[in-house]
Amino acid sequence: MWGRSRIKLGIHGCTSATKGPPHPRRNENVKAYVAVTDQDWFEYLSGLQDLDEVNFWTPHPWGGEFRVLQKGELILFKLKSPHNAIAGGGFFEHYTELPISMAWAAFGEKNGAVSLESTRDRISRLRREESTPSDDYSVGCIVIVEPFFWPPDQWIPQPGDFSPTIVRGKTYDLSRGTGAALWGQVISHMQSPSDAVGEPSAPTEVLGGYGEGAPRQHRIGQGTFRIVITDVYNRTCAVTGERALPALDAAHIRPFREIPRHYISNGLLLRSDVHRLFDSGYITVTPDHRAEVSRMIHTDFDDGESYFAFHGRQIHMPEETSLRPDPVHLEWHNLNRYRG
């Protein structure tokens with residue numbers, strides 16, 4: 001079963017639906033990346049429903065950074081021969097490199113396979129290596145949000161200048177030449193007739209929020225939240241300084257049921273035991289970003305000396321101010337969860 005696009009289009013920077021597909025401003029140089037895509041990965045994911053994110057993994061790490069796109073720019077899935085067609089896409093959110101076990105723990109079936117073993121076998125074939133259950137090599141993880149998959153009758157033939165020798169992909173400027181023509185085809189495919197049912201005719205929003213010169217922010221899923229929190233905290237527990245990656249959890253400050261969207265400023269990277277104590281109210285972080293340990297941890301469990309060592313300590317935080325834990329959320333935790 002082929003999944004249809006679920007990207008809604010609305011008013012955003014275009015004055016008339018009759019003027020044809022809008023495009024990014026020339027001076028913003030907004031790009032799309034046409035990525036060579038594994039057929040099995042695409043077919044598996046296109047059969048799943050309501051995907052909010054996928055891991056577009058690479059069998060070998062990209063090399064530290066994914067410089068071909070900025071956050072929010074478009075990535076398109078280009079199937080190999082005999083199809084040689086663009087069959088869907090999504091929006092680039094983050095790049096990281098992870099052991100395959102952690103990529104599976106974060107994204108599960110959103111890696112494009114039914115199990116960790118299946119994912120490992122597929123990657124091993126592409127790496128041209130024998131696979132064993134103990135293999136935990138690192139893979140590149142291109143995290144894509146709001147993915148869409150078109151049925152075969154909507155696939156777009158690959159651009160004429162897409163050489164058969166290209167192994168990874170090719171970047172296009174959407175404001176000119178081949179990129180602009182490709183953009184027009186993508187936009188036409190993203191018009192969803194169901195969106196117009198029962199609604200007045202309205203101008204078209206540019207796919208992904210383009211049209212004011214820059215991509216918009218996109219919703220991120222649980223896996224993306226987990227991976228981005230891990231990286232913005234430099235893979236270091238905010239409270240203890242622990243750096244053993246399998247022991248670290250992305251924690252919500254206010255529970256997801258309270259704020260049903262994943263915001264990085266509502267997150268902390270915590271060692272798994274500290275995460276549990278944080279959720280239970282035995283540990284908190286103050287609005288001025290200091291750890292506090294409740295005396296109740298000793299009262300309730302006749303233990304906790306190792307945790308009291310962190311009391312009053314300034315936590316480790318992301319370098320970028322906008323990604324640091326929001327004092328409003330921390331105050332909520334202090335007042336509603338912390339046992340004092």
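Above this text you will find the structure in question.
Okay, so let's go over this structure. The model shown is predicted, which means the values in this text are computed figures rather than measured ones.

Thresholds applied
- Residues numbered from 1 in each chain as written.
- Predicted model: local features only at pLDDT ≥ 70, side-chain atom pairs only at ≥ 80, totals over all residues.
- Heavy atoms only, no water.
- Helix = DSSP H or I, 4+ residues; strand = E, 2+ residues; numbered from the N terminus.
- Buried < 20%, exposed > 50% of the residue type's maximum accessible area, 1.4 Å probe, protein only.
- Areas by Shrake-Rupley, 256 points an atom, 1.4 Å probe, with all protein chains shown as cover.
- Axes fitted to C-alpha atoms, helices over the stretch in contact; angles between N-to-C directions.
- Parallel < 35°, antiparallel > 145°, perpendicular 65-115°, else oblique.
- Contact = heavy atoms within 4.5 Å.
- Nonpolar A, V, L, I, M, F, W, Y, C, P; charged D, E, K, R; others polar.
- Salt bridge = Lys/Arg side-chain N within 4 Å of Asp/Glu carboxyl O.
- Pairing = 2+ DSSP bridges.

**Digging into the overall build of the chain**
Thought 1: When you go through the chain residue by residue, the secondary structure sums to ten helices and eleven strands.
Thought 2: Expressed as a percentage of the 340 residues in the chain, the buried residues total 51%.
Thought 3: Carbon and sulfur atoms make up 49% of the accessible area of the chain, which totals about 16200 Å².

**Observations concerning the packing of helix α2 (residues 100-107) against helix α6 (residues 222-232)**
Thought 1: Where α2 contacts α6, the axes come no closer than 7 Å and their chain directions differ by 135 degrees. In terms of orientation, α2 lies oblique with respect to α6. Together, Ala105, Ala106 and Phe107 of α2 and Gly223, Thr224, Arg226 and Ile227 of α6 make up the contact between the two elements.
Thought 2: Partitioning the contact of α2 with α6 into residue classes produces four nonpolar, two polar and one charged.

**Examining the pattern of salt bridges**
Thought 1: The tally for this structure, following the rule as stated, stands at ten salt bridges.
Thought 2: Across the pair Arg176 and Asp173 runs a salt bridge whose closest N-O atoms are separated by 2.9 Å.
Thought 3: With its nearest N and O atoms 3.0 Å apart, the salt bridge here joins Asp231 to Arg235.

**Topic: the pairing of strand β3 (residues 74-79)**
Thought 1: Most of β3 is tucked away: six of the six residues are buried.
Thought 2: Burial along β3 is two-sided: the face carrying Leu74, Leu76 and Lys78 and the face carrying Ile75, Phe77 and Leu79 are both buried.
Thought 3: Pairing of strand β1 (residues 31-37) with β3, which is carried by six bridges, proceeds in the parallel orientation. In the strand pairing of β3, Ala35 is matched with Phe77.
Thought 4: Here β3 runs beside strand β4 (residues 85-99); their pairing, made up of five bridges, is antiparallel. Along β4, the bridge assignment pairs Phe77 with Gly88.

**Some words on the environment of Phe149**
Thought 1: The topology assignment puts Phe149 in strand β5 (residues 138-149).
Thought 2: Between the C-alpha atoms of Phe149 and Ile86, which are 63 residues apart in sequence, the distance is 9.7 Å.

**Description of the environment of Glu292**
Thought 1: Positionally, Glu292 belongs in strand β11 (residues 291-293).
Thought 2: Here Glu292 falls in the partly exposed class, since its relative accessible area comes to 28%.
Thought 3: Expressed as a C-alpha distance, the spacing of Glu292 and Arg313, which sit 21 residues apart in the sequence, is 7.8 Å.
Thought 4: Here Glu292 is in contact with Tyr282, Ile283, Thr284, Thr286, His311 and Tyr338, once residues within four sequence places are set aside.

Any functional reading would require information beyond the geometric quantities listed.
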